[in-house]
Amino acid sequence: MGKKVKKEAEPPPKDVFDPLAIESKKAETAVLMLQSPEEEILTKACDALYKFAQKDDVRKLMRKLDIIPSLIARLVPEEEVVVHEFATLCLAHMATDYSNKAKIFELNGLEHLIRLLGSPDPDVKKNSVECIYLLAQDFQSRSAVCENNAVPPLLELLKSDYPVIQQLSLKALCSISCEAECRLALKENQAMDHLLKILEAKELNDLHVEALLIIANCLEDADTVQLLQQSGGLKKILTFAETSPLADIQ
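Residues numbered from 1 in each chain as written. Predicted model: local features only at pLDDT ≥ 70, side-chain atom pairs only at ≥ 80, totals over all residues. Heavy atoms only, no water.

Under an unreviewed UniProt entry, the name given to the protein is Armadillo repeat-containing protein 3, and the organism recorded is Staurois parvus.

Now the structure itself:
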């Protein structure tokens, strides 16, 4: 068969950049890394900034670094799901601060977050709906949530297999139901049917209080009261109150 000759290793192509491991101890560098087109670098940068954002007064520093525009820029459909996950997670932590809420709203971040409610990834959905809930605590954003047609996807999330997503969706709906135009959107999308189904499901008892709060807000409108009476929903609620052992529900 003849003696095998050891094949010489081919020299690396001259036009290929050798892998570069980046290590940094500065948040500014991680912010700059958000501009990278490489998914791995984006993921590492978002993860590092998310962990950084969890610390006490770091949100103020991150606001000074002007990180929010870079995070919102990564919510576009062209980005990978993992990038959406970490970017929305970081935004959810930033959105607990009033100034950050205003910045996210100003940069049309709400529009991207509402679109991501339809993401196939449950983590992206959870982070996005949490951020929307936090934004909806502000009057200006609350109205904008309805104007951007967020009611249908929020109601759809009530069917989620993940309780935390259901809970956050109800909290967001509870906030926006304080506004008259949002209550109209809820009525047009048959929100009462969704909410009554939750009340009828004993296994969803951890969602009953929030569902009743939304119904209570919606009953500010006379048309909704009449609709609930005609559909038999009011009788269901009264029966539910009589039979529930929980004081909050009663």
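Q: Mind laying out empty space enclosed by the protein, listing which residues take part and the relevant values?
A: Under the criterion given, the structure shown has one cavity of 30 Å³ or more. Of the pockets and cavities examined, the largest cavity occupies roughly 40 Å³. If you go around the largest cavity, the residues you meet are Arg183, Leu186, Lys187, Ala191, Met192, Cys218, Thr224 and Leu227. Looking at the lining of the largest cavity, the elements that each hand over two or more residues are helix H12 (180-188), helix H13 (191-200) and helix H15 (222-231). Among the elements that take part in the lining of the largest cavity, H12 stands out by supplying three residues, more than any other. Across the lining of the largest cavity, the residue classes break down as five nonpolar, one polar and two charged. (1 Å grid on protein atoms, 1.4 Å probe; cavity = no way out; pocket = protein on both sides within 12 Å on 5 of 7 lines; lining within 4 Å. Points joined across faces, edges and corners; volume = space filled by probe spheres on them. Helix = DSSP H or I, 4+ residues; strand = E, 2+ residues; numbered from the N terminus. Nonpolar A, V, L, I, M, F, W, Y, C, P; charged D, E, K, R; others polar.)

Q: A description of the confidence of the model for the protein should follow, citing residues and the corresponding values.
A: Per-residue confidence for the protein averages 83 on the pLDDT scale, and 84% of its residues sit at or above 70. When mean pLDDT is compared element by element in the protein, helix H8 (residues 122-135) scores highest at 96, while helix H3 (residues 58-64) scores lowest at 66. Low pLDDT, under 50, characterises residues 1-7; the stretch is placed with zero contacts to residues that sit more than four places away or in other chains. (pLDDT = per-residue confidence, 0-100. Contact = heavy atoms within 4.5 Å.)

Q: I'd like to hear about unusual backbone geometry, residue by residue, with values.
A: Look at Asn108: it is not a glycine, yet its phi comes out positive at around 60°. What makes Asn108 partly exposed here is its relative accessible area of 48%. The backbone phi angle of Gln190 is positive, close to 55°, even though this residue is not glycine. Mapping Gln190 onto the fold places it in the loop between H12 and H13. (Buried < 20%, exposed > 50% of the residue type's maximum accessible area, 1.4 Å probe, protein only.)

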